[in-house]
Amino acid sequence: MSFINYSSREINCKIVYYGPGLCGKTTNLQFIYKKTNPEHRGKMISLATETERTLFFDFLPLSLGDIKGFKTRFHLYTVPGQIFYDASRKLILKGVDGIVFVADSQVERMDANIESFENMKANLKEQCYDLANIPYIIQYNKRDLPNVVPVVEMKKVLNVSGVPDFEAVAATGHGVFETLKAVIKLVLIELKKGT
Amino acid sequence: MPTSSLIMFEEEFKQITAIIDRLLKDANAKLVFLVDKDGQLIASSGDTRDLDTTSLASLTAGNIAATGGLAKLLGEKEFSILFHEGEKDNIHISIVGQRVILVVIFDNRSSLGLVRLRVKKASEELNTIIKKLLHRVEAKPSAEENLLAEISDADIDKLFH
Ligand SMILES: Nc1nc2c(ncn2[C@@H]2O[C@H](COP(=O)(O)OP(=O)(O)OP(=O)(O)O)[C@@H](O)[C@H]2O)c(=O)[nH]1
Ligand SMILES: [Mg+2]
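A brief report on the enclosed structure follows. Since this is a predicted model, take the numbers as computed values, not measurements.

**Focus on the overall build of chain B**
What chain B contains, in helices and strands, is four helices and six strands. Along chain B, from the amino end to the carboxyl end, the secondary structure elements read β-α-β-β-α-β-β-β-α-α. Dimensions along the principal axes, computed over C-alpha positions, put chain B at roughly 50 × 40 × 35 Å. Partitioning the contacts of chain B with sequence separation of at least 6, the portion at a separation of at least 24 is 52%. On chain B, roughly 8,700 Å² of surface is accessible, and the fraction owed to carbon and sulfur atoms is 53%.

Written as structure tokens, this is what we have:
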């Protein structure tokens, strides 16, 4: 949930990267961290296992400049994609303002994508959120690999609602900032509606 | 339904800051923070120059969220106080009014007993203000408080230059 501070003139929003294990959520944040001017970002925190799988969350705070005299800050989080970390995923979704669903484009990961998408809806519902009312977008990641599902096919399965979607290769950064910009835009538009 | 934003106004912000400034002194603490349960820093008191307060806020909220998950599994409503003891510094974390988290960092110039005592009093005062704030947010925002409605698409695009 956004936090608007009229005293310090700041807007704070929370954006969560969701998706199946190894789809590239952490890689998205690492690229954003690497390419963002240190003035505009804080430290990236990764609570990960020894094998660099996300254990609880990654966290990256960004501050992007002013809107109408308000500093805008965005807190980016990733969830752990591995199935058995579901309790942690629920906690991280609390207070979310916008979601990036990162799908793994490889043929053999399509089932995992669908399962994760359904899991996201269920976890939101448990907290009385409805995905239809939350700004979210989809990223088809790992487009560089040989065995990928055509984007039209992925859209049919994962983007029935026709939200903004992007192809990406998070490992090289392709599509990473397009994705981020799109979700931030949706979040701010929603915030404007809400007030 | 996404819940509405937490909104902080000048008046409440000043009151909150006054309370945590006093808590800092009364408890002989090094630092005092107030953090939203979602991990946003609301206010801080003490010397924060060498500290990454944004990370601290996010990890505190994560800590409370994880402990809250444990509590639920055990059939508790929540664990309202957490205490971490270090070699030099200690952290006392407590939940205020089920909505915000009060963090006190102290060393051997203070003691757990003193911190607990002072936190208790400050919590009650903070709770009153937070409640007032939530009421105020629920009521319709006045024109002056509704600046956000004027955000244009161009403003949003400008952020990315
Ligand atoms: N070929 C290729 N590999 C990628 C791409 N994006 C990420 N990877 C690799 O995929 C692996 C997993 O990436 P992570 O970002 O750790 O995945 P994650 O979604 O955070 O995984 P969990 O933390 O387990 O949920 C890493 O080895 C990345 O380098 C991509 O676009 N193309
Ligand atoms: Mg990860």
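**Examining unusual backbone geometry**
All names here are of chain A. A positive phi angle, near 50°, is found at Arg9, a position not held by glycine. Within the secondary structure, Arg9 sits in the loop between β1 (3–5) and β2 (10–18). The class for Arg9 is partly exposed, based on a relative accessible area of 33%.

**Focus: the coordination of the magnesium ion (ligand 2)**
All names here are of chain A. For the magnesium ion (ligand 2), the full set of protein donor atoms is Thr26 (OG1) and Thr54 (OG1), at a range of 2.0 Å. Of this pair, Thr26 sits in helix α1 (residues 25–35) while Thr54 sits in strand β4 (residues 54–67), and the two are 28 residues apart along the sequence. The same class applies to Thr26 as to Thr54, namely buried.

**Some remarks on the nonpolar core**
One finds Ile15, Tyr17 and Leu76 of chain A together with Leu102 of chain B to be the most contacted residues of the largest nonpolar core, which totals 62 residues. Apart from the residues within four sequence positions on either side, Leu76 of chain A is in contact with Ile15, Tyr17, Leu29, Ile32, Asp58, Phe59, Leu60, Leu62 and Leu180 of chain A. Counting 31 residues, the second-largest nonpolar core is a separate cluster that includes Tyr18, Ile92, Phe101 and Leu131 of chain A.

**Structural notes on the side chain of Thr53 of chain B**
If you trace the backbone, Thr53 of chain B turns up in helix α2 (residues 53–73). Sequence-distant contacts of Thr53 of chain B, defined by excluding residues within four places in its chain, comprise Phe33, Leu41 and Thr48 of chain B.

**Comments concerning the pairing of strand β3 (residues 45–48) of chain A**
Across three bridges, β3 of chain A lies against β4 of chain A in antiparallel orientation. Looking across to β4 of chain A, one finds that Ala48 of chain A is bridged to Thr54 of chain A.

**Considering the sheet that holds strand β5 (residues 90–96) of chain B**
One key point about sheets: their strands pair by backbone hydrogen bonds, in either a parallel or an antiparallel sense. All names here are of chain B. Taken together, five strands build an open sheet; the order of strands is β3-β2-β6-β5-β4 and the sheet is antiparallel. If you trace the sheet from one side to the other, it starts and ends with β3 (41–46) and β4 (81–85), each paired once. Sheet twist, expressed as the mean angle between neighbouring strand axes with direction ignored, is 15°. Docked against the sheet, helix α1 (residues 10–26) engages β2 (31–36), β3 and β6 (100–106), running at close to 40° with respect to β3. Across the sheet, helix α3 (residues 112–138) is in contact with β2, β4, β5 and β6; its angle to β5 comes to roughly 30°.

**Points about the pattern of salt bridges**
All names here are of chain A. Using the criterion set out here, one finds 22 salt bridges over all chains in the structure. Taking the shortest distance from any N to any O, the salt bridge between Glu126 and Lys90 comes out at 3.3 Å. Here the residue Glu126 occupies a position in helix α3 (residues 110–126), and Lys90 occupies one in helix α2 (residues 86–93), the gap between them amounting to 36 residues. Residue classification places Glu126 among the exposed residues on the basis of a relative accessible area of 53%. The partner of Glu167 in a salt bridge is Arg143, with the nearest N and O atoms 3.7 Å apart. Of this pair, Glu167 sits in strand β8 (residues 165–167) while Arg143 sits in the loop between β7 (136–141) and α4 (151–158), and the two are 24 residues apart along the sequence. Connected through salt bridges with shared partners, the residues Asp86, Arg89, Lys90 and Glu126 form a single ionic network.

Thresholds, definitions, all that
- Residues numbered from 1 in each chain as written.
- Chains lettered and ligands numbered in written order.
- Predicted model: local features only at pLDDT ≥ 70, side-chain atom pairs only at ≥ 80, totals over all residues.
- Heavy atoms only, no water.
- Helix = DSSP H or I, 4+ residues; strand = E, 2+ residues; numbered from the N terminus.
- Contact = heavy atoms within 4.5 Å.
- Areas by Shrake-Rupley, 256 points an atom, 1.4 Å probe, with all protein chains shown as cover.
- Buried < 20%, exposed > 50% of the residue type's maximum accessible area, 1.4 Å probe, protein only.
- Donors = N, O, S within 2.8 Å, 3.2 Å for Na, K, Ca; no water.
- Core = buried A, V, L, I, M, F, W, Y, C linked by side-chain atoms within 4.5 Å.
- Pairing = 2+ DSSP bridges.
- Axes fitted to C-alpha atoms, helices over the stretch in contact; angles between N-to-C directions.
- Salt bridge = Lys/Arg side-chain N within 4 Å of Asp/Glu carboxyl O.

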